[in-house]
Amino acid sequence: MARRVSNQRKFVVTLVAWAIGLTIFFPILWTVLTSFKTEAEAIASPPSFLLFDWTLENYTEVNERSDYFLHFMNSVIISLGSTLLGLAIAIPAAWSMAFVPGKRTKDVLMWMLSTKMLPPVGVLIPIYLLFRDFGLLDTRLGLVIVLTLINLPIIVWMLFTYFKEIPGEILEAARMDGATLWNEVVHVLTPMAVPGIASTLLLNVILAWNEAFWTLNLTAAKAAPLTAFIASYSSPEGLFYAKLSAASTLAIAPILILGWFSQKQLVRGLTFGAVK
Amino acid sequence: MTLFSRALLGATALTLVASPVLAEKLTIATVNNGDMIRMQKLADDFTAQNPDIELEWLTMEENVLRQRVTTDIATKGGQFDVMTIGTYEVPIWGKQGWLVSLNDLPAEYDVDDILPAIRGGLTIDGELYAAPFYGESSMVMYRKDLMEKAGLEMPDAPTWEFIGKAARAMTDKDNEVYGICLRGKAGWGENMAFLTATANSFGARWFDENWTPQFDGEAWKSTLNFYLDLMEDAGPPGASSNGFNENLSLFQTGKCGMWIDATVAASFVTNPADSTVADQVGFALAPDNGLGKRGNWLWAWSLAIPAGTQKEEAAKKFIDWATSKEYLELVAEKEGWANVPPGTRTSLYENPEYQKVPFAKMTLDSINSADPTNPTVDPVPYVGVQFVAIPEFQGIATAVGQAFAAALAGNVTADEALANAQAITERTMKKSGYIK
Amino acid sequence: MTDRSRLFRTELAGPMATAHSRAAARFMISPAVLLLLGWMIVPLSMTVYFSFLSYNLLMPGMEEFIGFTNYEFFLTDPAFFEALTNTILLVVGVLFITIVGGTALALLLDQPFWGQGIVRILVIAPFFVMPTVSALVWKNMFMNPVNGLFAHMAKGVGLEPFDFLAHAPLFSIILIVAWQWLPFATLILLTALQSLDQEQLEASKMDGANFGSRFIYIVLPHMSRAITVVVLIQTIFLLSVFAEILVTTNGGPGYASTNITYLVYAQSLLQFDVGGGSAGGIIAVILANIVAIFLMRMIGKNLEA
């Protein structure tokens, strides 16, 4: 989407954008910097920004104390698993709601969203009992199931929104060319919806990655993801700010990297020009 | 399937079947405080002595842990073999029969060595249901240099009046020195732990023998007013969101003249690696008003076994190891006497090496002067010094804590806060059937 | 356009779809519907069942049917109305900040400038951080009136530091939560913005429309569906904000930062009162549904093509 703008304007925009970006990012930057301080430095007042004794002791301690790799793998499996499963169920559903809407489509959509309205704190015991009876406590499968179900409405909604942006004429043109339903969905729709699907995937992975209620309450030692890893460093009786920062940095880093690489997908616009 | 893959499958199956089930796995739920983390690190000593037992850990902060293990034990989820619980849970769970009795631990364990106050808090009907890992009380930690500057000397057993005087004398708000830092953050284990224990020394109690809440009495009124006035004159700003951590941070950066809180804080504030005032700290017993009870509390993190676990034997072996005299010596050898988990055994305090630790004696005296079975001046129908060992307490005390925090923040008056506390408590007690 | 294509077009859009495609559509939608139905019905019915019992986890075997007592108790809690108000304020406050801020950021990030990729990640990053951790960072590093950054900045210009969490607790929480959700709104709005047809914009520019009218008459309507989705999804999440409150103020001082979810927790789960917690949960669902119906009526039409 190349637009010709003056270099001067580009410069001003760059300045403003960077200033805002850095301000928003600042708390995270602070967390990362704190992870390299000693605990005493972390609470020092006035706080030092860059001029302190940089140390790696927090990272070594964190790695010694808890098994980062195990938690990391659990997080990856749970987030990706629930997102992919959710997408597999939601893409057909969103397609049908976007392109073959019925009278009740809006009601169905609202109802799906309403399944998220029960506060987890209120439904903890029933779910715990169910999981206990099915042997799903402290299993990755159990968490994948829960996370898929709680995020399914969101995935459906977001995909529905993006699919609505795609003009029906393109699909109709494909159909006129003799494409079957399967072909239509896979070979025509999906490539056009890639930015939408990509951002849905990214956002959902993040939601699952940071979900800190079910992941803490339904796991013990085997299936605990990074949220449990971080939670073990936050304490009401003992200052662990530097270590907590180190644990958090280790937990955010994979996501930041994922976000960086999926950028291109998020940027590609839809090819409206082709239809007109 | 090709021959090759069939062969591979067969070989894998054979190895799975052939490898004997050697290790028994114990899942242990612990709190993430310094002493328990140290125990995890030293657990190699246990697995060396018991090669057929494998340990798996779940480490959580105490509120999440409490919710997690309570949910599990009440629904018989069977997720844990050893749980870390406190003197609050043991009376409630022991009565339900949810815990395995530890009365049959071997003689070398020397259960009589456990400090009587702590042992009393963990024994129901003669059965010991949890083994104490570490015990704590509360005491006064103060800055010797600031006291000197104010021209005062801290007695070993101060009164609240003296504390009030000293705090105001040490305060220098322009230089960010606050005479006293106390908990203010709303929570049953945050500000209410402190205020309940303090109230005991003012002659107040949560409930009378008929379970009627007592917030409308004179004793609670004096307690709350004393606290609010003191914090107004000599406390740091933002106190209503300060819990243990925030006060620890303030004390370590030199901003507090005194701090009354858990005895375990002593090892933090005297550690030169973390604290800028490490060499200036003195200790005194929690204050009183001459009514017979001091303002200190009692708590012990203990290890317990849920009833119905398949691995009772292994769990008992682990608990034996973690709370034994040998474990204390192990920590002393590896990390120094100052880092030994305090407050559980008399023999520790009779050890001349441990007596050299500056806060050892004060900790012991504080623990010994707290009696959970008789916490208050007037008789009460409950056990617990800084809590009431009934299931409803957490919720009630958090709401009351919120009311008191509002008074501290200046949003309501003390009288309004007390009236709210009374109303809240009455309401819940009525619903639960304690009072009509 | 041939007659045939006009025929197809009307057939596909709306209730005139062929039986074939409608049957296919129902088939494709059924897994999602069935799963969510199961997910909703089983825990929900258990919750409704528990809400009529006096079931305390720590005193099992003493459950008895007590009808609507749990509901009565929850609704007559002196904190109930304040919690309700706080919940609404929290949702509206965060929505306002994130939608206005998100739109502005989306417009900004849509412009060409150097280092777009990096700035985009910077802006999205807050969403990656676990809510408990962000709340802790904000509380201790920034808002603490003695050691926090804001306090230092205030002292630097000679002002008294402001005690955020004691004197403006709900506002502080709104700030923290808005910071966490701004990236979400920005991302969705940006993706929607990038599907805007540039030719239409250029044409209007050549017709002499200034930025303001271009924005109101072209950009905003195009983004209306995305904004609606952001509002709906965020509302659902914001109604059950919990971790941030737990970590910063514990609902206090008083009930100033207690919302319905926190009230359910403090009143019920904290004392393991499953009956009370279930009743509170059901009430929260009913309230959330009311809010959702209200919202749908206001902006639901934006969802149609």
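Everything here concerns the structure above.
Residues numbered from 1 in each chain as written. Chains lettered and ligands numbered in written order. Predicted model: local features only at pLDDT ≥ 70, side-chain atom pairs only at ≥ 80, totals over all residues. Heavy atoms only, no water.

Engineer: Quick question: what am I supposed to make of the overall build of chain A here?
Structural biologist: Along its length, chain A carries 13 helices and zero strands. Along chain A, helices (α) and strands (β) appear in the sequence α-α-α-α-α-α-α-α-α-α-α-α-α when read from the amino end. Evaluated residue by residue, chain A yields a buried proportion of 60% over its 276 residues. Partitioning the contacts of chain A with sequence separation of at least 6, the portion at a separation of at least 24 is 76%. In the structure as shown, chain A presents an accessible area of about 10,900 Å², 67% of it carried by carbon and sulfur atoms. (Helix = DSSP H or I, 4+ residues; strand = E, 2+ residues; numbered from the N terminus. Buried < 20%, exposed > 50% of the residue type's maximum accessible area, 1.4 Å probe, protein only. Contact = heavy atoms within 4.5 Å. Areas by Shrake-Rupley, 256 points an atom, 1.4 Å probe, with all protein chains shown as cover.)

Engineer: Honestly, the interface of chain A and chain C in this entry has me stumped. Any pointers?
Structural biologist: Buried accessible area, meaning the area lost when the parts come together, often serves as the stated size of an interface. Listed by partner, the interface residues are 98 residues for chain A and 98 residues for chain C. Summed over both partners, the interface of chain A with chain C comes to about 9,500 Å²; 79% of that surface belongs to carbon and sulfur atoms. Remark: the boundary between chain A and chain C carries zero salt bridges. For the side of chain A that touches chain C, the leading source of residues is helix 1 (residues 7–34) of chain A, giving 20 residues. (Buried area = accessible area lost by both parts, 1.4 Å probe. Salt bridge = Lys/Arg side-chain N within 4 Å of Asp/Glu carboxyl O.)

Engineer: Please explain a nonpolar patch on the surface as it appears in this structure.
Structural biologist: Together, Phe-11, Val-12, Leu-15, Val-16 and Ile-20 of chain A together with Trp-114 of chain C line one region of the surface with nonpolar side chains, adding up to about 550 Å² of accessible area. Counting through the fold element by element, Trp-114 of chain C comes out in the loop between helix 4 (80–110) and helix 5 (116–124). For Trp-114 of chain C, a relative accessible area of 43% gives the class partly exposed. (Patch = residues over 30% accessible without salt bridge, like charges linked within 9 Å, V, L, I, M, F, W, Y side chains within 5 Å.)

Engineer: I tried to follow the packing of aromatic side chains on my own but got confused; where do I start?
Structural biologist: Per the counting criterion, the structure on display carries 59 aromatic pairs over all chains. Pairing Phe-213 of chain A with Trp-214 of chain A gives two aromatic rings, centres 5.2 Å apart and planes at 85°, and the pair type is edge-to-face. For Phe-213 of chain A, a relative accessible area of 13% translates into the label buried. Trp-214 of chain A sits in the buried class, given a relative accessible area of 3%. Here the aromatic rings of Phe-251 of chain B and Trp-259 of chain B are separated by 6.1 Å at their centres, their planes lie at 35°, and the arrangement is tilted. With a relative accessible area of 0%, Trp-259 of chain B lands in the buried category. We note Arg-345 of chain B situated over the ring of Tyr-109 of chain B; from NZ or CZ to the ring centre the distance is 4.9 Å. The ring of Phe-73 of chain C is capped by Lys-431 of chain B, whose NZ or CZ atom sits 4.7 Å from the centre of that ring. (Phe/Tyr/Trp six-rings, centres within 6.5 Å; stacked < 30°, edge-to-face > 60°. Lys NZ or Arg CZ within 6 Å of the ring centre and 35° of its normal.)

Engineer: In this structure, what is going on with a negative patch on the surface? I would like to understand it.
Structural biologist: Residue and element names in this part refer to chain B. Judged by side-chain charge, Glu-108, Glu-326, Glu-329 and Glu-333 come together as a negatively charged surface patch. Tracing the backbone through its elements, the reader meets Glu-329 in helix 14 (residues 325–335). On the basis of relative accessibility, which here comes to 49%, the residue Glu-329 falls in the partly exposed class. (Lys, Arg positive; Asp, Glu negative; His and termini not counted. Charge placed at Lys NZ, Arg CZ, Asp CG, Glu CD.)

Engineer: I would appreciate a short explanation of the interface of chain B and chain A in the present structure.
Structural biologist: In this complex, chain B contributes 38 residues to the contact, which on the side of chain A involves 34 residues. In total, about 2,800 Å² of surface goes out of reach between chain B and chain A, with carbon and sulfur atoms giving 54% of it. At the boundary of chain B and chain A, one finds one salt bridge. Among the ionic pairs, Lys-41 of chain B bridges to Glu-61 of chain A, the shortest N-O distance being 3.7 Å. Among the elements that make up the side of chain B that touches chain A, the one with the highest residue count is helix 4 (residues 62–74) of chain B (seven residues).

Engineer: Sorry if this is basic, but what is going on with unusual backbone geometry here?
Structural biologist: Among all residues except glycine, the phi angle is most often negative; among peptide bonds, the trans geometry is most common. All names here are of chain B. Backbone geometry places Asp-110, a non-glycine residue, at a positive phi of 60°. Relative to the helices and strands, Asp-110 resides in the loop between helix 5 (89–96) and helix 6 (116–122). A relative accessible area of 26% means that Asp-110 is categorised as partly exposed. Positioned with a positive phi, Asp-125 is a non-glycine residue whose angle comes to about 50°. By the element assignment, Asp-125 lies in the loop between strand 4 (123–124) and strand 5 (127–128).

Engineer: I'm lost on the environment of Ala-98 of chain A in this one. Help?
Structural biologist: Summarising the element assignment, Ala-98 of chain A is placed in helix 4 (residues 68–99). For Ala-98 of chain A, a relative accessible area of 8% gives the class buried.

Engineer: Hey, could you run me through helix 6 (residues 131–143) of chain C in this one?
Structural biologist: Residues spaced three or four apart along an α-helix point in a common direction, a consequence of the helix completing one turn every 3.6 residues. With eleven of 13 residues buried, helix 6 of chain C lies mostly within the body of the structure. Those residues of helix 6 of chain C that fall on the buried side of the exposure criterion are Val-133, Ser-134, Ala-135, Leu-136, Val-137, Trp-138, Lys-139, Asn-140, Met-141, Phe-142 and Met-143 of chain C.

Engineer: Sorry if this is basic, but what is going on with the side chain of Glu-89 of chain B here?
Structural biologist: All names here are of chain B. Assignment of secondary structure puts Glu-89 in helix 5. Under the relative-accessibility criterion, Glu-89 is labelled buried at 4%. Reaching out from Glu-89, the side chain makes a polar contact with the side chain of Arg-66 at a distance of 2.5 Å. Dropping the residues within four chain positions of it, Glu-89 is found in contact with Arg-66, Gly-94 and Trp-299. (Polar contact = N/O pair within 3.5 Å; in protein donor to acceptor, adjacent residues only side chain to side chain.)

Engineer: Help me out: how do you make sense of the pattern of salt bridges in this one?
Structural biologist: Side chains that carry opposite charge are capable of pairing whenever their charged atoms lie near each other. Under the defined criterion, the tally for this structure stands at 27 salt bridges over all chains. With a closest N to O distance of 3.8 Å, Asp-415 of chain B and Lys-221 of chain B form a salt bridge. Of this pair, Asp-415 of chain B sits in helix 19 (residues 414–432) while Lys-221 of chain B sits in helix 10 (residues 218–234), and the two are 194 residues apart along the sequence. Put simply, Lys-139 of chain C and Glu-246 of chain B hold a salt bridge, and the shortest N to O gap is 3.3 Å. Within this pair, whereas Lys-139 of chain C is found in helix 6, its partner Glu-246 of chain B is found in helix 11 (residues 244–252), the two belonging to separate chains. Look at Lys-139 of chain C and you get buried, because its relative accessible area is 3%. Each of Asp-35, Arg-38 and Glu-335 of chain B takes part in a single network of salt bridges with overlapping partners.

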